[in-house]
Every structure is written in C-alpha cells, then in structure tokens.
Amino acid sequence: RSGSFARPAKTTLQGEALLARSRRLRLAATQAEEERATVDETVLQEVEEEVVMEEEEEEAPPPPSRCEIVESELLSAISSRSEDKIDEETKAVIEQCVSELEQDGGISNPTASPVVNGRGRLL
C-alpha cells in the first residue's frame, strides 16, 4: 500500500509543476500582450502627432510676397486720406509704393494670366 501512495504523490508533484509552469506561461503571455499594447499605443500616438504636424504645415499660408506687402501699404495710405487732401507723408508713402510696384514689373502678359482671371483691382 505504501507503494501506491508514492505514485500519486509523484503524479501530484508533476501536476503541480505543470500547473505552475502553465501559470508562468500565462503570466508571461499576459505581460507580453500588455507590452505590445503599450508599444502599439506609443506608436499610434507618435503617428497621430506626425499627422497633426503635417496638417498644420499644410494649412499654414505662405508668407505674403513683397508686392503684396507693398500693395497693402499703398491701400492703407490711400484709404487713410481725408476727402481729396493728402498730407506730404502720405504722398511720400504712396509714391514709394507705386515706384516699388512699377519696378517689380507686374504680371507679364496679363491678358493670358490666370492670376487676373477676368477681375481687376483698382489701386
């Protein structure tokens, strides 16, 4: 009878060892899955940040050209006058702006340019 008890004890130890090993493997698998999820979240967050940065770069308008700045200054100077009177300072600003715009050369072949597009601006 004592021999019959030894065999189940050995089997019980083997079973316990298998259970312990199974638990370790499940724990390792769970930890690996959690690590993958963390890595996936990190990668996803980095990709989202890159997309946002690219969208912001695409949405940013180009800086105004020198001609656009001069046109704006000219329009501001013209609109700041009262009635038909222009003071000397405003007149000097207008003349400087017109001179710079004339030196730029304007639009070559304006009748064929898509910039004009059938519309004009009176400065």
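Placed above this text is the structure.
Participant: Could you clarify how one ought to interpret the overall build of the protein chain in this entry?
Facilitator: When helices and strands are tallied, the protein chain shows three helices and zero strands. Taken from N to C terminus, the helices and strands of the protein chain fall in the order α-α-α. Burial analysis of the protein chain (123 residues in total) assigns 7% to the buried set. Considering only intrachain contacts with a sequence separation of at least 6, the fraction spanning at least 24 residues in the protein chain is 53%.

Participant: Please explain a negative patch on the surface as it appears in this structure.
Facilitator: Residues Glu46, Glu48, Glu49, Glu50, Glu54, Glu55, Glu56 and Glu59 make up a contiguous surface patch of negative charge. Mapped onto the secondary structure, Glu54 falls in helix α1 (residues 2-59). Of the residues examined, Glu54 reaches a relative accessible area of 46% and is grouped as partly exposed.

Participant: Could you clarify how one ought to interpret helix α3 (residues 88-104) in this entry?
Facilitator: Counting along an α-helix, one turn takes 3.6 residues, and residues three or four places apart therefore face a common direction. Given a rise of 1.5 Å per residue, 17 residues ought to cover 24 Å, and the 24 Å separating the end C-alpha atoms of α3 matches this to within 8%. What α3 keeps buried is the set Thr90, Ile94, Cys97 and Leu101. Each buried residue of α3 lies within a common arc of 65° when the element is viewed along its axis, so the set occupies one face. Of the exposed residues in α3, those oriented more than 90 degrees away from the buried face are Glu88, Glu89, Glu102 and Gln103. On its buried face, α3 is in contact with α2 (66-79). Looking one or two residues beyond α3, the residue adopting positive phi is Gly105, at roughly 95°.

Participant: Explain the packing of α2 against α3 to me, please; I cannot follow it from the model alone.
Facilitator: Packed helix pairs are specified by the crossing angle of their axes together with the interaxial distance, meaning the distance between the axes. Between α2 and α3, whose axes approach to 9 Å, the crossing angle comes to 150°. In terms of axis orientation, α2 runs roughly antiparallel to α3. As α2 packs across α3, the resulting crossing turns out to be left-handed. Where α2 abuts α3, its residues Arg66, Cys67, Val70, Glu71, Glu73, Leu74, Ala77 and Ile78 lie against Thr90, Val93, Ile94, Cys97, Val98, Glu100, Leu101 and Asp104. Among the residues forming the contact of α2 with α3, the class breakdown is ten nonpolar, one polar and five charged.

The rules behind these values
Residues numbered from 1 in each chain as written. Predicted model: local features only at pLDDT ≥ 70, side-chain atom pairs only at ≥ 80, totals over all residues. Heavy atoms only, no water. Helix = DSSP H or I, 4+ residues; strand = E, 2+ residues; numbered from the N terminus. Buried < 20%, exposed > 50% of the residue type's maximum accessible area, 1.4 Å probe, protein only. Contact = heavy atoms within 4.5 Å. Patch = residues over 30% accessible without salt bridge, like charges linked within 9 Å, V, L, I, M, F, W, Y side chains within 5 Å. Areas by Shrake-Rupley, 256 points an atom, 1.4 Å probe, with all protein chains shown as cover. Salt bridge = Lys/Arg side-chain N within 4 Å of Asp/Glu carboxyl O. Lys, Arg positive; Asp, Glu negative; His and termini not counted. Charge placed at Lys NZ, Arg CZ, Asp CG, Glu CD. Expected span 1.5 Å × (residues − 1). Arc of directions from axis to C-beta. Axes fitted to C-alpha atoms, helices over the stretch in contact; angles between N-to-C directions. Parallel < 35°, antiparallel > 145°, perpendicular 65-115°, else oblique. Left-handed = near helix turned anticlockwise from the far one by under 90°. Nonpolar A, V, L, I, M, F, W, Y, C, P; charged D, E, K, R; others polar.

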